[in-house]
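The lines below spell out each chain.
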Amino acid sequence: MENKTSAVYYTDFRCGLDESRVQKLARLMEGAGMGDIDFNGKFVAIKMHFGELGNLSYLRPNYARAVVEFVKARGGKPFLTDCNTMYPGSRKNALEHLYCAWENGFTPMTAGCPILIGDGLKGTDDIDVPVVGGEYVKEAKIGRAVMDADIFISLSHFKGHEQAGFGGAIKNIGMGCGSRAGKKEQHSNGKAIIKERKCKGCKQCLKQCANDALHFNEETKKMELNIDNCVGCGRCIGACNFDAIQFAQDAAAKELNCRMAEYAKAVVDGRPHFHISLVMDISPYCDCHAGNDVAILPDLGMFASFDPLALDQACVDACLKQEPLPNSVLADNMKEEHFHDHHDHFVNTTPESEYKTCLEHAEKIGLGSRTYELKYVK
């Protein structure tokens, strides 16, 4: 069966003296038909990445404010949201996550709306969402606040990624909306590992384990793992405040990509959704790092669509047409003596990465279409 053609709308970053990129983003949303959604009285989740502390390539709050104001002008009740991370950092629980967002400029005053961490205080407030057509995931563990919203909007910074090749709409939705246990399910095939030196003996993880996989040693005052009973559900990582419980990020790129696509489908199925990607500050690695390298490609513009897969495909295609920026890791790699040209900027940047299986699987399970028509909005 032939795939339908999805519309992807685009505008560049060129602005006259009397206009701003924020105004162009508002025109893009209007031109792309986002205003056709009935926002009146509806709760609207705007999913974005607030940036890790030290990273400066994440999207500025001004862009989020433009989306917020667009929704509010049509009677919607928007909130910015993201879910906690699986790994140690500045965003592994709601308190640290909010402090990180505030320090990076995202507050109710700057954003124009509340900020809610989607999976709650410890990353355990999630809901099992069926994945229609899922092959790797039957029920995705999605942050409850994300699923409680009536309408879902993703606002993504399109950039490179060291494992997934690039981070765009699908990654922002699938990985980003997974709770801590959901992120574990996408990243890991393994079971829990307890770091004894970090364990404080608080027993909080014990309350989350339904499989008798955890045992508290009264002599050492440390938690121990009965690995035969561990099912790798990841509930314990959200309960530990001291990073004493970890999971190896050992899922192969293909498995990660497919699970991520299935998680994204779980998030958007059954309710109105719309997606925006800003292709700018195209750093080689994810905004989850506490720093960022220089951009590998020039700033291209803003893209929007009702179809997250078509949006990612259009952004990839636009990037692959560009020349690498000098003095970037991509340009440096291409100068290496034994460089093998993959004819793909993202793979040439991180040869161990892979993204095509994500796009292919997303189309296979009905997340969207890779066939698109690009329409320019002035």
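Our subject in this report is the structure included herewith. Since the model is a prediction, treat every value here as computed from it, not as a measurement. (Residues numbered from 1 in each chain as written. Predicted model: local features only at pLDDT ≥ 70, side-chain atom pairs only at ≥ 80, totals over all residues. Heavy atoms only, no water.)

Points about the pattern of salt bridges
Using the following cut-off: Salt bridges are defined by distance alone: a side-chain nitrogen of Lys or Arg within 4 Å of a carboxyl oxygen of Asp or Glu. For the purposes of this entry, the term helix denotes a DSSP run of H or I that reaches at least four residues, the term strand denotes a run of E that reaches at least two, and both are numbered from the N terminus. A 1.4 Å probe rolled over the protein chains alone gives each residue an accessible area, and that area as a share of the maximum for its type sets the label: buried under 20%, exposed over 50%, partly exposed in between.
Counted by the stated rule, this structure contains 19 salt bridges. A salt bridge links K72 to E69; the shortest N-O distance between them is 3.9 Å. You can see K72 and its partner E69 sitting in helix 2 (residues 61-72), three residues apart, about one turn around the helix. Here E69 falls in the partly exposed class, since its relative accessible area comes to 32%. Members of the salt-bridge network, linked through shared partners, are K47, E52, D82 and R91.

Some points on the pairing of strand 2 (residues 43-47)
For clarity, the threshold we go by: We call two strands paired when DSSP finds no fewer than two bridges between them.
The buried fraction of strand 2 amounts to four of the five residues, a majority that puts the element mostly inside the structure. In this structure, strand 2 lies alongside strand 3 (residues 77-82), joined through five bridges in parallel fashion. Bridge pairing in strand 3 places K47 opposite T81. Two elements, strand 2 and strand 7 (residues 151-157), share four bridges in a ladder whose sense is parallel. Residue V44 lies in a different strand from strand 7, and its bridge partner there is I151.

With respect to the packing of helix 10 (residues 308-320) against helix 13 (residues 356-364)
The following threshold applies: Every angle, taken between N-to-C directions, lies between 0 and 180 degrees, and every axis is a line fitted to C-alpha atoms, over only the stretch in contact when it is a helix. For classification purposes, an angle smaller than 35 degrees is called roughly parallel, one larger than 145 roughly antiparallel, one from 65 to 115 roughly perpendicular, and anything else oblique. Rotating anticlockwise by less than a right angle from the far helix to the near helix defines a left-handed crossing, while the corresponding clockwise rotation defines a right-handed one. The contact definition used throughout considers only heavy atoms, calling two residues in contact when any of these lie within 4.5 Å. Polar here means any residue other than Ala, Val, Leu, Ile, Met, Phe, Trp, Tyr, Cys and Pro, which are nonpolar, and Asp, Glu, Lys and Arg, which are charged; Gly is therefore polar.
For the pair helix 10 and helix 13, interaxial distance at closest approach is 10 Å and the crossing angle is 155°. It follows from the interaxial angle that helix 10 and helix 13 lie roughly antiparallel. Read as a crossing pair, helix 10 and helix 13 show a hand that is left-handed. Listed contacts from helix 13 to L309, D312 and Q313 of helix 10 are L359, A362 and E363. The residue inventory of the contact of helix 10 with helix 13, partitioned by class, reads three nonpolar, one polar and two charged.

Points about the environment of D307
Counting through the fold element by element, D307 comes out in the loop between strand 15 (301-305) and helix 10. Here D307 falls in the buried class, since its relative accessible area comes to 7%. Sequence separation between D307 and H345 is 38 residues; the distance between their C-alpha atoms is 24 Å. Not counting residues up to four positions away in its chain, the partners in contact with D307 are K4, S6, H275, L367, G368 and S369.

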